[in-house]
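Okay, here's what each chain looks like letter by letter:
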Amino acid sequence: MEAIDIQPKQRFFTDYQQRFDQVSDQFQYNPHESTIYRERYATIQKQSYQRDALADVLVKMNEKWEAPQVVFDRIKELRDPNSAVVIAGQQAGLMTGPLYTIHKAISVLQLAKQQEEQIGESVIPVFWIAGEDHDFDEVNHIFLKDQDRMKKHTIQHQFNQKQSVSDMEVDQEQAEKWLTKVFSEQPETAFTHDLLKQCLKELKSSGSYTDFFARLMYQLLPESGLVLFDAHDPEVRELEKPYFNAMIEHNESIAQGVYAMLQQNRQRGYETLLDSELEDAHLFYDYEGERTLLVRDEEGRYKGKNDEVVLTKEELLRVVSDQPRCMSNNVVTRPLMQDFLFPVLAFIGGPGEINYWSALKPAFESVGLEMPPVIPRLSFTMMDRKTEQILDTFKLTPQHAVERGVGEERIKWLSSHSAVPIDQLGEQVKLEIDRIHRPLRETSEQFGPDVEQLAEKNLTYIQQHIDFLTKRFHQSLESQYKKEMEQFTHVDLLLHPNGGLQERVWNILPWINQYGKDVFERLNESTYRFDTPHYMIYV
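What comes next concerns the included structure.

Rules used throughout
Residues numbered from 1 in each chain as written. Predicted model: local features only at pLDDT ≥ 70, side-chain atom pairs only at ≥ 80, totals over all residues. Heavy atoms only, no water. Helix = DSSP H or I, 4+ residues; strand = E, 2+ residues; numbered from the N terminus. Buried < 20%, exposed > 50% of the residue type's maximum accessible area, 1.4 Å probe, protein only. Contact = heavy atoms within 4.5 Å. Areas by Shrake-Rupley, 256 points an atom, 1.4 Å probe, with all protein chains shown as cover. Lys, Arg positive; Asp, Glu negative; His and termini not counted. Charge placed at Lys NZ, Arg CZ, Asp CG, Glu CD. Polar contact = N/O pair within 3.5 Å; in protein donor to acceptor, adjacent residues only side chain to side chain. Pairing = 2+ DSSP bridges. Axes fitted to C-alpha atoms, helices over the stretch in contact; angles between N-to-C directions. Core = buried A, V, L, I, M, F, W, Y, C linked by side-chain atoms within 4.5 Å. Parallel < 35°, antiparallel > 145°, perpendicular 65-115°, else oblique. Left-handed = near helix turned anticlockwise from the far one by under 90°. Nonpolar A, V, L, I, M, F, W, Y, C, P; charged D, E, K, R; others polar. Expected span 1.5 Å × (residues − 1). Phe/Tyr/Trp six-rings, centres within 6.5 Å; stacked < 30°, edge-to-face > 60°. Salt bridge = Lys/Arg side-chain N within 4 Å of Asp/Glu carboxyl O.

### Here's the deal with the overall build of the protein chain
Then step 1. Scanning the protein chain from N- to C-terminus turns up 22 helices and 15 strands.
Then step 2. Its C-alpha atoms give the protein chain principal-axis dimensions of about 85 × 60 × 50 Å.
Then step 3. Taken over 539 residues, the protein chain has a buried fraction of 54%.
Then step 4. Residue pairs in contact within the protein chain that sit at least 24 positions apart in sequence constitute 75% of those at least 6 positions apart.
Then step 5. Approximately 24700 Å² of the protein chain is accessible, and the part contributed by carbon and sulfur atoms is 47%.
Then step 6. Mean positive and mean negative side-chain charge positions of the protein chain (59 and 87 charges, respectively) differ by 3 Å.

Next up, the structure:
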């Protein structure tokens with residue numbers, strides 16, 4: 001394990017981590033101060049929660065997923081009025097989705113353990129599965145390495161475009177076919193057969209893709225005590241009635257506050273990843289089986305953007321009372337619901353989520369809540385021995401490979417092994433041709449704009465042929481050093497895939513196939529600091 005200092009790509013996240021005073025007015029707590037957890041704990045002690053009812057719901061859903069006994073022990077602790085939770089969330093991706101999903105879970109486990117020791121009371125790690133999300137295209141695939149690229153493997157499943165993932169019944173035939181196929185793409189190891197067998201077993205026991213996600217998470221972290229929560233469970237909606245009412249009663253204030261904060265972000269030159277307008281209600285209504293995002297009109301009515309549904313405020317409150325299952329949150333109100341339901345000591349999020357949350361402080365205040373501490377999740381890159389040896393061979397540093405990739409180093413290495421400096425030669429030839437061609441261009445001016453333009457195009461055409469030839473020289477050189485070129489490609493695909501971090505592209509499958517399904521439980525055994533930008537994990 002090695003801590004490396006990687007600079008964030010988003011300006012807002014950079015300021016949040018390194019210059020918090022620039023954005024402090026948008027958050028309740030400074031994540032860099034150690035006293036925030038005791039301060040927050042004192043705040044949640046003053047609030048009331050439906051602890052027993054929530055614990056009952058958690059027991060039922062986790063019994064359905066056949067969760068380990070340690071999970072039920074932790075749920076029992078939630079009934080204690082002195083307990084708190086550390087929470088993070090994610091959509092229910094296939095095979096748990098990108099690696100950052102499991103990194104979020106480990107972050108929750110780490111911070112909960114650390115604060116439990118500091119506070120001296122139970123701090124329960126909770127993972128909020130956003131089962132109400134309906135964008136199946138975001139979760140219906142994984143990427144796997146395929147020679148010199150990351151190949152997208154998408155499950156074939158016919159679905160309602162706006163149906164929640166937790167309501168989406170697994171197509172067992174297609175899912176089994178997909179699962180068998182992605183496993184077949186992996187090299188056979190001592191773990192492959194049993195892993196596939198276990199995954200197929202969990203799949204067959206799953207009614208929805210959320211169920212499959214939860215069951216796999218418990219296979220990966222069986223002894224950790226992580227408590228999974230499906231936000232779209234029907235019994236959860238019963239608990240949420242009073243909180244939906246509060247969001248409707250203060251709807252205009254929520255929308256105004258969020259909109260104002262987004263404008264402030266834009267004025268400060270920050271990226272705004274959240275779209276929000278003054279008329280947005282930030283609530284979904286299930287209309288004829290589809291999630292419909294509501295907006296408010298000038299008369300205070302709630303309606304779909306295409307007028308597919310129109311409800312007065314009173315009618316919407318009646319829906320909450322009689323049919324709460326029809327209601328769900330969007331990205332703005334989900335954090336509020338989370339805080340209403342759970343005694344949140346801290347929320348853990350990635351760079352994009354923290355950007356969203358920068359606009360939410362007024363929304364929390366509108367419904368009488370205090371925004372919890374927002375802590376950047378832990379970030380990891382995993383590296384095997386083969387890749388480590390390649391880096392050593394070419395004298396490359398892990399930090400550079402992770403942050404920038406090795407494309408430039410590949411070109412430099414190749415050029416250094418050429419008897420002729422190909423690129424320099426190509427540029428020199430183009431300069432000489434430009435000199436020789438200049439009299440033709442100057443003469444063309446006498447024959448009008450059309451001929452002048454033709455002369456310029458002629459020069460461009462000749463230069464393109466020189467570029468083609470130099471490219472062909474490079475290809476020939478690459479063929480000569482095929483082994484080395486494949487090594488550079490391997491490093492880029494593992495450490496800087498698609499021009500970004502490994503955790504945003506790679507899936508758990510290659511890692512559990514090579515090192516066993518307990519590889520992430522072992523990863524969680526170490527202790528990590530939340531002020532460390534990134535960890536390199538040597539496996």
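### Quick look at the side chain of His534
Then step 1. The residue His534 is located in strand S15 (residues 534-538) in this model.
Then step 2. Here Thr381 takes part through its side chain, which lies 2.7 Å from a polar atom of the side chain of His534.
Then step 3. Those residues in contact with His534 that sit more than four places away from it in its chain are Glu2, Ala3, Ile4, Ile6, Ser379, Phe380, Thr381, Val402 and Leu501.

### Focus: the pairing of strand S4 (residues 141-146)
Then step 1. Summarising the sheet, S4 and strand S5 (residues 149-154) pair through six bridges and their orientation is antiparallel. By the bridge assignment for S5, Asp146 is matched with Arg149.
Then step 2. Linkage of S4 to S5, two consecutive antiparallel strands, is achieved through a turn of two residues, within which Gln147 is found at a positive phi near 60 degrees.

### Brief notes about the sheet that holds S15
Then step 1. Strand order in the open sheet formed by three strands is S1-S15-S14, and the pairing between neighbours is mixed. The sheet terminates laterally at strand S1 (2-4) and strand S14 (380-383), the two strands that pair on one side only. The average angle at which neighbouring strand axes cross in this sheet is 25 degrees, direction not considered.
Then step 2. Across three bridges, the pairing between S1 and S15 is antiparallel. The partner of Ala3 across the bridge, within S15, is Tyr535.

### Digging into the nonpolar core
Then step 1. Judged by nonpolar contacts, the single largest core of 163 residues is most densely connected at Phe27, Met95, Leu179, Phe229, Phe342 and Phe520.
Then step 2. The biggest single contributor to this core is helix H5 (residues 99-119), with nine residues.
Then step 3. With residues near it in sequence (within four places) discarded, Met95 still touches Ile142, Trp178, Leu179, Phe183, Cys199, Phe212, Leu216, Asn507, Ile508 and Leu509.

### Section: the packing of helix H3 (residues 51-64) against helix H4 (residues 69-78)
Then step 1. At a minimum axis distance of 8 Å, the contact between H3 and H4 shows a crossing angle of 165 degrees. Taken as axis vectors, H3 and H4 run roughly antiparallel relative to one another. Remark: the crossing between H3 and H4 carries right-handed chirality. Here H3 contributes Arg51, Leu54, Ala55, Leu58, Val59, Asn62 and Glu63 to the contact with H4, which in turn contributes Val71, Phe72, Ile75 and Leu78.
Then step 2. Among the residues making up the contact of H3 with H4, the classes are represented as eight nonpolar, one polar and two charged.

### Observations regarding helix H8 (residues 209-220)
Then step 1. Under the 1.5 Å per step criterion, the end-to-end length of H8 is 17 Å for 12 residues, consistent within 8% with the ideal 16 Å.
Then step 2. Most of H8 is tucked away: 11 of the 12 residues are buried.
Then step 3. Taken as a whole, H8 has its buried residues at Tyr209, Thr210, Asp211, Phe212, Phe213, Ala214, Arg215, Leu216, Met217, Tyr218 and Leu220.
Then step 4. Between a side-chain oxygen at the N-terminus of H8 and the backbone nitrogen of Thr210 the separation is 3.3 Å; the capping residue is Ser208.

### Focus on the packing of aromatic side chains
Then step 1. Applying the stated rule across the entire model yields 22 aromatic pairs.
Then step 2. Ring centres 4.2 Å apart and planes at 10 degrees place the aromatic pair Phe347 and Trp357 in the stacked group. Of the two residues, Phe347 is situated in strand S12 (residues 344-349) and Trp357 in helix H13 (residues 351-357); the sequence distance between them amounts to 10 residues. The residues Phe347 and Trp357 share a single accessibility class, namely buried.
Then step 3. Plain terms: the ring middles of Trp511 and Tyr515 are 6.3 Å apart, the flat faces sit at 15 degrees to each other, and that makes the pair stacked. One end of the pair, Trp511, and the other, Tyr515, are both in helix H21 (residues 509-515), four residues apart, so they sit about a helical turn from each other.

### A few points about the sheet that holds strand S11 (residues 327-329)
Then step 1. The antiparallel open sheet is built from five strands, whose spatial order is S10-S9-S8-S7-S11. Two strands bound the open sheet, and with one partner strand each, they are strand S10 (310-311) and S11.
Then step 2. Alignment of strand S9 (residues 302-304) against S10, held across two bridges, turns out to be antiparallel. Within the sheet, the bridge partner assigned to Tyr302 lies in S10 and is Leu311.
Then step 3. The sheet contacts of helix H9 (residues 234-249) involve strand S7 (280-287), S9 and S11, and relative to S11 the element is tilted by about 70 degrees.

### With respect to the side chain of Arg40
Then step 1. For Arg40, the location among the structural elements is in helix H2 (residues 36-45).
Then step 2. A relative accessible area of 0% means that Arg40 is categorised as buried.
Then step 3. Beyond its immediate chain neighbours, meaning those up to four positions away, Arg40 contacts Tyr29, Asp339, Val344, Leu345, Glu370, Met371, Pro372 and Pro373.

### Looking at the pattern of salt bridges
Then step 1. By the definition in use, this model includes 34 salt bridges.
Then step 2. Each of the salt bridges in this network shares a partner with another, and the network as a whole consists of Asp434, Arg438, Arg441 and Glu456.

### Considerations on unusual backbone geometry
Apart from glycine, the bulk of residues carry a negative phi angle, and the bulk of peptide bonds sit in the trans form.
Then step 1. In this model, Met95 sits at a positive phi of 50 degrees, which is unusual for a non-glycine residue.
Then step 2. Topologically, Met95 is positioned in the loop between strand S2 (84-90) and H5.
Then step 3. Judged by relative accessible area, Met95 falls into the buried class, the value being 1%.
Then step 4. Unlike most non-glycine residues, His282 shows phi in positive territory, near 60 degrees.
Then step 5. By secondary structure assignment, the location of His282 is in strand S7.

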